[in-house]
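# Per-entry structural report
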Amino acid sequence: MTQPLLTVENLNVGFATRSGIVQAATDINFEIFPGEVLAVVGESGSGKSVTALALMRLHPENTIITGNVNFDGHDLLNMSDRDMRAIRGSDVAMIFQDPMTAMNPVFSVGNQIVETIRVHDSSVSKQEAWTKAVDLLKLVGVPEPKQRVSQYPHEYSGGMRQRAMIAMAIANDPKLLIADEPTTALDVTVQAQVMEVLHEVQAETGSAMMLITHDLGLVAGSADRVQVMYASRLMETGSIDQIFYESQNPYTRALLESIPDIDGLNEELSPIPGNPPSLLNPLVGCAFRPRCKFAQDVCATEVPPRISVGVNHTSRCALALELPAPAGASAGDAS
Ligand SMILES: Nc1ncnc2c1ncn2[C@@H]1O[C@H](COP(=O)(O)OP(=O)(O)OP(=O)(O)O)[C@@H](O)[C@H]1O
Ligand SMILES: [Mg+2]
(Lines give C-alpha, C1' and ligand atoms only; values in the text may rest on other atoms or scores of the structure.)
(Ligands and ions follow the chains in the order given, each with its own letter.)
Protein backbone atom coordinates (compact mmCIF):
# COMPACT_ATOMS: atom_id res chain seq x y z
CA MET A 1 0.00 0.00 0.00
CA THR A 2 1.19 3.53 -0.73
CA GLN A 3 2.71 5.35 2.22
CA PRO A 4 0.91 8.54 3.22
CA LEU A 5 2.69 11.77 2.36
CA LEU A 6 1.32 13.46 5.46
CA THR A 7 0.25 11.80 8.68
CA VAL A 8 -1.37 13.88 11.40
CA GLU A 9 -1.88 12.21 14.79
CA ASN A 10 -3.67 13.60 17.83
CA LEU A 11 -3.09 17.19 16.77
CA ASN A 12 -4.36 19.77 19.24
CA VAL A 13 -4.08 23.50 18.65
CA GLY A 14 -5.01 26.00 21.35
CA PHE A 15 -4.57 29.74 21.75
CA ALA A 16 -3.77 31.28 25.11
CA THR A 17 -5.96 34.36 25.32
CA ARG A 18 -6.83 36.71 28.17
CA SER A 19 -10.14 34.97 28.60
CA GLY A 20 -8.62 31.50 28.65
CA ILE A 21 -7.57 28.84 26.16
CA VAL A 22 -9.38 28.75 22.84
CA GLN A 23 -9.20 25.10 21.77
CA ALA A 24 -9.32 25.54 17.99
CA ALA A 25 -8.33 22.04 16.85
CA THR A 26 -8.92 18.98 19.02
CA ASP A 27 -7.50 15.50 18.54
CA ILE A 28 -7.20 15.75 14.77
CA ASN A 29 -6.11 12.57 12.95
CA PHE A 30 -5.80 12.21 9.20
CA GLU A 31 -3.58 11.29 6.30
CA ILE A 32 -2.95 12.65 2.85
CA PHE A 33 -1.65 10.30 0.17
CA PRO A 34 0.64 11.34 -2.69
CA GLY A 35 -1.22 12.98 -5.53
CA GLU A 36 -4.68 12.98 -3.93
CA VAL A 37 -7.01 15.90 -3.31
CA LEU A 38 -8.34 15.95 0.23
CA ALA A 39 -11.07 18.51 0.83
CA VAL A 40 -11.69 19.94 4.29
CA VAL A 41 -15.15 21.38 4.91
CA GLY A 42 -17.09 22.64 7.91
CA GLU A 43 -18.69 25.84 9.03
CA SER A 44 -16.87 29.03 9.83
CA GLY A 45 -14.73 28.79 12.95
CA SER A 46 -14.54 24.99 12.96
CA GLY A 47 -10.73 24.98 12.88
CA LYS A 48 -9.92 24.39 9.22
CA SER A 49 -7.42 27.22 8.82
CA VAL A 50 -5.94 26.74 12.26
CA THR A 51 -5.19 23.11 11.43
CA ALA A 52 -3.57 24.04 8.11
CA LEU A 53 -1.51 26.84 9.61
CA ALA A 54 -0.30 24.59 12.41
CA LEU A 55 0.89 22.04 9.83
CA MET A 56 2.87 24.80 8.13
CA ARG A 57 4.01 26.17 11.50
CA LEU A 58 2.61 29.55 10.53
CA HIS A 59 0.69 29.96 13.77
CA PRO A 60 0.92 32.97 16.11
CA GLU A 61 3.14 32.93 19.19
CA ASN A 62 0.40 32.30 21.71
CA THR A 63 -0.35 28.92 20.13
CA ILE A 64 -0.08 25.69 22.07
CA ILE A 65 0.36 22.72 19.77
CA THR A 66 0.62 19.05 20.67
CA GLY A 67 0.56 15.91 18.56
CA ASN A 68 2.56 14.42 15.73
CA VAL A 69 2.81 15.59 12.15
CA ASN A 70 4.90 13.53 9.79
CA PHE A 71 5.46 14.86 6.32
CA ASP A 72 7.47 12.70 3.95
CA GLY A 73 9.61 11.41 6.80
CA HIS A 74 10.01 14.79 8.54
CA ASP A 75 8.70 15.50 12.00
CA LEU A 76 7.19 18.90 11.19
CA LEU A 77 6.28 19.98 14.71
CA ASN A 78 9.68 19.28 16.20
CA MET A 79 12.08 20.28 13.47
CA SER A 80 14.13 23.48 13.73
CA ASP A 81 12.75 26.73 12.33
CA ARG A 82 15.49 26.66 9.77
CA ASP A 83 14.63 23.18 8.51
CA MET A 84 10.96 24.12 8.49
CA ARG A 85 11.68 27.18 6.35
CA ALA A 86 13.50 24.94 3.89
CA ILE A 87 10.44 22.71 3.54
CA ARG A 88 7.87 25.52 3.51
CA GLY A 89 7.54 26.94 0.03
CA SER A 90 9.37 24.04 -1.56
CA ASP A 91 7.97 20.66 -0.49
CA VAL A 92 4.80 22.10 1.05
CA ALA A 93 3.29 25.30 -0.26
CA MET A 94 0.23 27.23 0.74
CA ILE A 95 -2.31 29.18 -1.27
CA PHE A 96 -4.26 31.68 0.81
CA GLN A 97 -7.70 33.15 0.42
CA ASP A 98 -6.38 36.65 -0.05
CA PRO A 99 -3.35 36.88 -2.34
CA MET A 100 -2.57 40.37 -1.07
CA THR A 101 -1.60 38.94 2.30
CA ALA A 102 0.83 36.51 0.69
CA MET A 103 2.31 38.79 -1.96
CA ASN A 104 4.54 41.74 -1.35
CA PRO A 105 3.09 44.90 -2.91
CA VAL A 106 6.49 46.50 -3.51
CA PHE A 107 7.96 43.75 -5.68
CA SER A 108 6.87 42.74 -9.14
CA VAL A 109 5.11 39.39 -9.49
CA GLY A 110 8.12 38.11 -11.44
CA ASN A 111 10.57 39.12 -8.75
CA GLN A 112 8.54 37.38 -6.10
CA ILE A 113 8.46 34.15 -8.06
CA VAL A 114 12.19 34.45 -8.74
CA GLU A 115 12.81 34.95 -5.02
CA THR A 116 10.67 31.93 -4.14
CA ILE A 117 12.69 29.78 -6.52
CA ARG A 118 16.13 31.07 -5.56
CA VAL A 119 15.63 31.07 -1.83
CA HIS A 120 15.27 27.29 -2.05
CA ASP A 121 17.82 26.71 -4.79
CA SER A 122 20.52 29.34 -5.15
CA SER A 123 22.12 27.44 -8.05
CA VAL A 124 19.30 28.68 -10.31
CA SER A 125 20.37 31.95 -11.95
CA LYS A 126 18.13 35.02 -11.83
CA GLN A 127 17.67 34.75 -15.58
CA GLU A 128 16.64 31.10 -15.41
CA ALA A 129 14.25 31.81 -12.56
CA TRP A 130 12.73 34.74 -14.49
CA THR A 131 12.15 32.48 -17.50
CA LYS A 132 10.54 29.92 -15.19
CA ALA A 133 8.34 32.67 -13.72
CA VAL A 134 7.05 33.48 -17.22
CA ASP A 135 6.39 29.78 -17.87
CA LEU A 136 4.55 29.44 -14.57
CA LEU A 137 2.35 32.47 -15.27
CA LYS A 138 1.57 30.95 -18.64
CA LEU A 139 0.72 27.62 -17.00
CA VAL A 140 -1.78 29.26 -14.66
CA GLY A 141 -3.39 31.18 -17.52
CA VAL A 142 -2.12 34.72 -17.00
CA PRO A 143 -2.39 36.31 -20.46
CA GLU A 144 0.71 37.90 -21.99
CA PRO A 145 2.93 36.44 -19.30
CA LYS A 146 6.12 37.98 -20.73
CA GLN A 147 4.74 41.45 -20.15
CA ARG A 148 2.74 40.78 -17.02
CA VAL A 149 5.62 39.13 -15.19
CA SER A 150 7.11 42.62 -14.61
CA GLN A 151 3.90 44.06 -13.17
CA TYR A 152 3.11 44.55 -9.50
CA PRO A 153 0.35 42.65 -7.65
CA HIS A 154 -1.97 45.70 -7.61
CA GLU A 155 -1.84 45.79 -11.41
CA TYR A 156 -3.47 42.34 -11.49
CA SER A 157 -7.22 41.74 -11.09
CA GLY A 158 -8.32 39.57 -8.15
CA GLY A 159 -8.57 36.44 -10.28
CA MET A 160 -5.21 37.05 -11.92
CA ARG A 161 -3.60 37.66 -8.55
CA GLN A 162 -4.93 34.36 -7.33
CA ARG A 163 -3.44 32.71 -10.43
CA ALA A 164 -0.13 34.43 -9.71
CA MET A 165 -0.21 33.11 -6.17
CA ILE A 166 -0.82 29.60 -7.47
CA ALA A 167 2.18 30.10 -9.78
CA MET A 168 4.27 31.13 -6.80
CA ALA A 169 3.06 28.18 -4.73
CA ILE A 170 3.96 25.63 -7.40
CA ALA A 171 7.27 27.28 -8.36
CA ASN A 172 9.28 24.63 -6.52
CA ASP A 173 7.12 21.63 -7.43
CA PRO A 174 5.71 21.01 -3.97
CA LYS A 175 4.63 17.52 -2.99
CA LEU A 176 1.76 19.02 -1.04
CA LEU A 177 -0.28 22.13 -1.78
CA ILE A 178 -2.46 23.50 0.96
CA ALA A 179 -5.14 25.76 -0.50
CA ASP A 180 -7.19 27.63 2.12
CA GLU A 181 -10.41 28.89 0.54
CA PRO A 182 -8.52 29.74 -2.63
CA THR A 183 -11.53 31.13 -4.44
CA THR A 184 -13.86 32.68 -1.87
CA ALA A 185 -12.70 36.24 -2.57
CA LEU A 186 -13.55 35.89 -6.26
CA ASP A 187 -16.78 36.15 -8.20
CA VAL A 188 -18.44 32.95 -9.31
CA THR A 189 -17.18 32.74 -12.89
CA VAL A 190 -13.62 33.59 -11.88
CA GLN A 191 -13.88 31.07 -9.03
CA ALA A 192 -14.59 28.33 -11.54
CA GLN A 193 -11.67 29.39 -13.72
CA VAL A 194 -9.25 29.50 -10.82
CA MET A 195 -10.40 26.09 -9.57
CA GLU A 196 -9.83 24.71 -13.04
CA VAL A 197 -6.33 26.13 -13.06
CA LEU A 198 -5.65 24.66 -9.66
CA HIS A 199 -6.77 21.27 -10.91
CA GLU A 200 -4.79 21.38 -14.10
CA VAL A 201 -1.75 22.40 -12.15
CA GLN A 202 -2.32 19.70 -9.57
CA ALA A 203 -2.73 17.08 -12.30
CA GLU A 204 0.35 18.32 -14.12
CA THR A 205 2.64 18.47 -11.11
CA GLY A 206 1.21 15.36 -9.43
CA SER A 207 1.25 17.13 -6.07
CA ALA A 208 -1.23 16.25 -3.36
CA MET A 209 -3.64 18.95 -2.29
CA MET A 210 -5.45 19.80 0.90
CA LEU A 211 -8.33 21.96 -0.27
CA ILE A 212 -10.08 23.91 2.46
CA THR A 213 -13.45 25.23 1.42
CA HIS A 214 -16.98 26.14 2.47
CA ASP A 215 -18.24 25.08 -0.88
CA LEU A 216 -19.52 21.51 -0.85
CA GLY A 217 -20.39 21.78 -4.54
CA LEU A 218 -16.76 22.47 -5.28
CA VAL A 219 -15.77 19.46 -3.21
CA ALA A 220 -18.00 17.08 -5.13
CA GLY A 221 -16.39 18.06 -8.39
CA SER A 222 -12.81 18.26 -7.33
CA ALA A 223 -11.77 16.09 -4.41
CA ASP A 224 -10.93 12.41 -3.94
CA ARG A 225 -11.68 12.39 -0.24
CA VAL A 226 -13.40 14.74 2.16
CA GLN A 227 -13.13 15.50 5.83
CA VAL A 228 -15.71 17.39 7.76
CA MET A 229 -14.86 19.56 10.77
CA TYR A 230 -17.13 20.87 13.48
CA ALA A 231 -16.20 22.89 16.56
CA SER A 232 -12.49 22.00 16.40
CA ARG A 233 -13.00 18.27 15.77
CA LEU A 234 -12.87 16.13 12.68
CA MET A 235 -16.35 14.64 12.51
CA GLU A 236 -16.09 12.41 9.46
CA THR A 237 -13.56 11.37 6.84
CA GLY A 238 -14.33 9.41 3.71
CA SER A 239 -14.47 9.29 -0.06
CA ILE A 240 -16.79 11.64 -1.94
CA ASP A 241 -19.44 8.91 -2.21
CA GLN A 242 -19.09 7.89 1.44
CA ILE A 243 -19.57 11.46 2.61
CA PHE A 244 -22.27 12.54 0.17
CA TYR A 245 -24.33 9.34 0.05
CA GLU A 246 -23.30 7.11 2.95
CA SER A 247 -22.55 9.59 5.71
CA GLN A 248 -22.55 8.05 9.18
CA ASN A 249 -22.32 11.35 10.98
CA PRO A 250 -25.24 13.59 12.00
CA TYR A 251 -23.28 16.81 11.49
CA THR A 252 -22.25 15.86 7.96
CA ARG A 253 -25.83 14.97 7.15
CA ALA A 254 -27.13 18.25 8.57
CA LEU A 255 -24.51 20.14 6.59
CA LEU A 256 -25.52 18.37 3.38
CA GLU A 257 -29.20 19.06 4.03
CA SER A 258 -28.45 22.74 4.49
CA ILE A 259 -27.01 23.24 1.01
CA PRO A 260 -28.58 22.94 -2.44
CA ASP A 261 -28.04 19.49 -3.99
CA ILE A 262 -25.07 19.13 -6.27
CA ASP A 263 -27.51 18.36 -9.06
CA GLY A 264 -29.55 21.45 -8.12
CA LEU A 265 -32.61 19.34 -7.34
CA ASN A 266 -32.69 19.62 -3.59
CA GLU A 267 -36.35 19.91 -2.70
CA GLU A 268 -36.09 21.83 0.51
CA LEU A 269 -33.12 23.23 2.34
CA SER A 270 -33.02 22.77 6.07
CA PRO A 271 -30.65 25.09 7.87
CA ILE A 272 -28.98 23.63 10.96
CA PRO A 273 -30.75 25.10 13.99
CA GLY A 274 -28.69 26.80 16.70
CA ASN A 275 -25.08 27.94 16.69
CA PRO A 276 -21.70 26.27 17.09
CA PRO A 277 -20.40 26.31 20.69
CA SER A 278 -17.73 28.64 22.01
CA LEU A 279 -14.31 27.02 21.88
CA LEU A 280 -13.22 28.92 24.95
CA ASN A 281 -14.49 26.38 27.44
CA PRO A 282 -13.46 22.75 27.27
CA LEU A 283 -16.16 20.94 25.36
CA VAL A 284 -17.92 18.25 27.35
CA GLY A 285 -19.34 15.36 25.35
CA CYS A 286 -20.15 15.91 21.70
CA ALA A 287 -20.02 19.53 20.53
CA PHE A 288 -22.82 18.95 18.04
CA ARG A 289 -25.19 17.43 20.60
CA PRO A 290 -27.38 20.52 21.20
CA ARG A 291 -28.11 20.73 17.46
CA CYS A 292 -28.28 17.01 16.74
CA LYS A 293 -31.58 15.29 16.08
CA PHE A 294 -30.11 11.90 16.97
CA ALA A 295 -28.52 12.96 20.29
CA GLN A 296 -28.80 10.64 23.29
CA ASP A 297 -27.65 10.82 26.91
CA VAL A 298 -24.22 9.41 26.19
CA CYS A 299 -23.50 12.36 23.88
CA ALA A 300 -23.75 14.79 26.79
CA THR A 301 -20.96 13.23 28.79
CA GLU A 302 -18.59 11.35 26.51
CA VAL A 303 -16.29 12.67 23.83
CA PRO A 304 -17.55 11.01 20.68
CA PRO A 305 -15.23 8.14 19.72
CA ARG A 306 -13.71 7.80 16.25
CA ILE A 307 -15.45 4.83 14.76
CA SER A 308 -14.57 3.01 11.57
CA VAL A 309 -17.80 2.82 9.58
CA GLY A 310 -16.43 1.54 6.28
CA VAL A 311 -13.25 1.14 4.27
CA ASN A 312 -11.18 4.28 5.02
CA HIS A 313 -14.36 5.86 6.37
CA THR A 314 -14.40 7.11 9.96
CA SER A 315 -17.01 9.00 11.92
CA ARG A 316 -16.71 10.71 15.28
CA CYS A 317 -20.09 9.89 16.75
CA ALA A 318 -21.09 7.53 19.54
CA LEU A 319 -24.07 6.48 17.44
CA ALA A 320 -22.25 6.19 14.13
CA LEU A 321 -23.11 2.53 13.66
CA GLU A 322 -26.72 2.92 14.76
CA LEU A 323 -27.86 5.82 12.59
CA PRO A 324 -30.65 5.16 10.11
CA ALA A 325 -29.65 5.08 6.44
CA PRO A 326 -29.04 8.61 5.21
CA ALA A 327 -31.79 10.34 3.23
CA GLY A 328 -31.14 10.03 -0.49
CA ALA A 329 -28.88 7.04 -0.01
CA SER A 330 -30.71 4.89 -2.53
CA ALA A 331 -28.58 3.24 -5.18
CA GLY A 332 -29.96 5.51 -7.87
CA ASP A 333 -28.83 8.64 -6.08
CA ALA A 334 -25.26 7.52 -5.74
CA SER A 335 -24.63 7.50 -9.47
N1 LIG B 1 -4.88 33.69 16.99
C2 LIG B 1 -6.01 33.27 17.52
N3 LIG B 1 -6.32 33.51 18.81
C4 LIG B 1 -7.46 33.06 19.37
N5 LIG B 1 -8.40 32.35 18.71
C6 LIG B 1 -8.17 32.07 17.42
C7 LIG B 1 -6.97 32.51 16.75
N8 LIG B 1 -7.02 32.10 15.45
C9 LIG B 1 -8.18 31.41 15.33
N10 LIG B 1 -8.86 31.40 16.48
C11 LIG B 1 -10.16 30.75 16.74
O12 LIG B 1 -10.02 29.39 16.38
C13 LIG B 1 -11.24 28.89 15.83
C14 LIG B 1 -10.98 28.22 14.50
O15 LIG B 1 -10.60 29.21 13.57
P16 LIG B 1 -10.29 28.90 12.04
O17 LIG B 1 -9.75 30.15 11.49
O18 LIG B 1 -9.47 27.68 11.94
O19 LIG B 1 -11.73 28.61 11.46
P20 LIG B 1 -12.09 28.15 9.98
O21 LIG B 1 -12.71 26.80 10.08
O22 LIG B 1 -10.91 28.30 9.11
O23 LIG B 1 -13.24 29.20 9.63
P24 LIG B 1 -13.53 29.98 8.26
O25 LIG B 1 -14.33 29.04 7.44
O26 LIG B 1 -14.33 31.16 8.71
O27 LIG B 1 -12.23 30.37 7.64
C28 LIG B 1 -12.17 30.08 15.75
O29 LIG B 1 -13.04 30.03 16.85
C30 LIG B 1 -11.25 31.26 15.85
O31 LIG B 1 -11.91 32.36 16.43
MG1 LIG C 1 -10.44 29.61 7.55
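Below is a short write-up of the structure. (Residues numbered from 1 in each chain as written. Chains lettered and ligands numbered in written order. Predicted model: local features only at pLDDT ≥ 70, side-chain atom pairs only at ≥ 80, totals over all residues. Heavy atoms only, no water.)

Here we take up the site of ligand 1. Neighbouring ligand 1 are 16 residues, the closest being S44, G45, K48, S49 and V50. Residue S44 places a side-chain N or O atom 2.4 Å away from an oxygen atom belonging to ligand 1. The separation between an oxygen atom of ligand 1 and a polar side-chain atom of K48 is 2.7 Å. Looking at the shell around ligand 1, the elements that each hand over two or more residues are β1 (6–17), β2 (20–32) and α1 (48–55). Sort the elements by how many residues they give to the shell around ligand 1 and α1 lands first, with 3 residues. (Near = heavy atom within 4 Å. Polar contact = N/O pair within 3.5 Å; in protein donor to acceptor, adjacent residues only side chain to side chain. Helix = DSSP H or I, 4+ residues; strand = E, 2+ residues; numbered from the N terminus.)

Judged from the 8 bridges that link them, β1 and strand β4 (residues 63–71) form a sheet pairing that is antiparallel. Looking across to β4, one finds that T7 is bridged to N70. Between β4 and strand β5 (residues 74–75), which pair antiparallel and follow one another directly, the connecting turn spans 2 residues, one of which, D72, has a positive phi of 50°. (Pairing = 2+ DSSP bridges.)

We note that D173 has phi near 50°; this positive angle belongs to a residue other than glycine. Assignment of secondary structure puts D173 in the loop between α7 (158–169) and β7 (176–180). Although it is not a glycine, N312 adopts a positive phi angle of roughly 50°. Within the secondary structure, N312 sits in the loop between β11 (306–310) and β12 (313–316). The class of N312 is exposed, set by a relative accessible area of 58%. (Buried < 20%, exposed > 50% of the residue type's maximum accessible area, 1.4 Å probe, protein only.)

Pairing is antiparallel across the open sheet formed by 4 strands, whose spatial order is β2-β1-β4-β5. In this open sheet, the two strands that pair with only one neighbour each are β2 and β5.

Among the secondary structure elements, T51 is positioned in helix α1. The class for T51 is buried, based on a relative accessible area of 3%. A distance of 2.7 Å separates a polar atom in the side chain of T51 from the backbone oxygen of G47. When residues no more than four places from it in sequence are discounted, the contact partners of T51 are L11, A25, I28, F30 and M229. (Contact = heavy atoms within 4.5 Å.)

Look at helix α8 (residues 188–205): 26 Å from first C-alpha to last across 18 residues, which is about the 26 Å you get at 1.5 Å a residue. Phi turns positive one or two residues past the end of α8, at G206, with a value near 70°. (Expected span 1.5 Å × (residues − 1).)

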